[in-house]
Amino acid sequence: MRMFATVVEHTSLNRAAERLNVTQPALSRRIARLERELGVGLFRRIGKRLELTAAGQLTYEFALELRQFHGEYLQRLNAFKSEEAPVATIGASLTTLQTTLPELITAMTEKHPNLEIKAVTGKSHEIATLVKERKVDFGIVASSVEDDPSVTSVPLFDDTLMLVLPRTHFILERTQLSMSDLNALPMILFAPGTWYRTLTDELFRQYGIKPDVRMEIDSFEAIVRLLGASRAGTLLPKSYLRPQLLEDNELYVVRIKELDLIKRTTSLIYGDLGWLAPSTRYLIEETIAFFARGARQS
């Protein structure tokens, strides 16, 4: 069931086999044996892509329940090892901390009220170092670590930038916008030094854009609050833009086709599984499943 759930969450036998550290033929045999034992087909093979059948969806939901029960058992088992509450330390880049981590922490603590989650921030390469040195249990960064065999990267979701403007902004009178409309546009940008600002600057150079930069701030929340008063726009990651946030601040999201072509993958990274406690391995699997469910709902 664990292997089956991993295949579902990675939508690929090859990627799931890498995640499980087994060969692709061995994983295929295990899934085929599971289908024979259950007497139903779990997947439809459409080219190289796998889609769940109705029976497969039911089985996946059961696999998630098994995973949850197993995780709860491990968490309760920890009480016999130590009187302290279980602690998970997550490393995150600054933008990830603001865009991705709050929703994840909320979901985790709702399911595991006794779990204490600590966050350590840094740049992506710094988080990778902390993972290797076992100073954090795992990391969530807006990149992948593919050149280091001691760190495993699991893609969680793709993010892109979107133009955000106050609802009263005059440019909204236009029916269609392109990158050239950002030229001389009053804008509030994130402070330099993160992948997000680096990507923004690369976009401006690529399209020859020179915006009227009014402020540079290292807080998405502050940027959002200042847009209306400054009558300025900004580029924010799609993962940060919740409907309630836009409504509360009277903001409007404008899609620009050139921005849709630029994507950045947020990944979960971890080190040698042999050094991780079973409860930590469970949290890693649960985190991957959390984002997989979000992707299917989207």
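Structural data are supplied above this passage.
Treat the numbers as computed from the prediction; the structure is a model and nothing was measured. (Residues numbered from 1 in each chain as written. Predicted model: local features only at pLDDT ≥ 70, side-chain atom pairs only at ≥ 80, totals over all residues. Heavy atoms only, no water.)

Enquirer: If you had to explain the overall build of the protein chain to someone new, which residues and values would you point to?
Expert: In terms of helices and strands, the protein chain carries 12 helices and 11 strands. Each of the three principal axes of the protein chain carries a C-alpha extent, and together these read 65 × 50 × 35 Å. Looking at the protein chain as a whole, 47% of its 298 residues qualify as buried. Of the charged side chains in the protein chain, 37 are positive and 37 negative; the average position of the first set lies 5 Å away from that of the second. (Helix = DSSP H or I, 4+ residues; strand = E, 2+ residues; numbered from the N terminus. Buried < 20%, exposed > 50% of the residue type's maximum accessible area, 1.4 Å probe, protein only. Lys, Arg positive; Asp, Glu negative; His and termini not counted. Charge placed at Lys NZ, Arg CZ, Asp CG, Glu CD.)

Enquirer: Describe the pairing of strand 8 (residues 212–217), naming the residues involved and giving the relevant values.
Expert: Every other side chain in a regular strand lies on the same face of the sheet, so the side chains alternate between the two faces. Pairing geometry for strand 7 (residues 186–190) and strand 8, over 5 bridges, is parallel. Looking at the pairing, I188 lines up with M215 of strand 8. With helix 8 (residues 195–207) bridging strand 7 and its parallel neighbour strand 8, the resulting β-α-β unit is right-handed. (Pairing = 2+ DSSP bridges. Right-handed = clockwise from strand over helix to strand, strands pointing away.)

Enquirer: How would you explain the packing of aromatic side chains if you had to name every residue and give the values?
Expert: Scanning the model with the defined rule gives 5 aromatic pairs in all. Measuring from ring centre to ring centre gives 4.9 Å for F190 and F220, while their planes differ by 45 degrees; the resulting arrangement is tilted. With F190 in strand 7 and F220 in helix 9 (residues 220–230), this pair connects stretches of sequence that are 30 residues apart. Owing to a relative accessible area of 0%, F220 belongs among the buried residues under this scheme. Taken together, F157, F290 and F291 form an aromatic cluster joined through their ring pairs. (Phe/Tyr/Trp six-rings, centres within 6.5 Å; stacked < 30°, edge-to-face > 60°.)

Enquirer: Tell me what's going on with the nonpolar core, and back it up with residues and numbers.
Expert: The nonpolar side chains of soluble globular proteins are, as a tendency, buried together. In this structure, L163, L182, Y196, L236 and I256 are the most contacted members of the largest nonpolar core, which totals 36 residues. Those elements giving two or more residues to this core turn out to be strand 6 (152–166), strand 7, helix 8, helix 9, strand 9 (234–237) and strand 10 (251–254). Contact partners of L236, with chain neighbours within four places excluded, come to T160, L161, M162, V164, Y196, F220, V224 and L241. (Core = buried A, V, L, I, M, F, W, Y, C linked by side-chain atoms within 4.5 Å. Contact = heavy atoms within 4.5 Å.)

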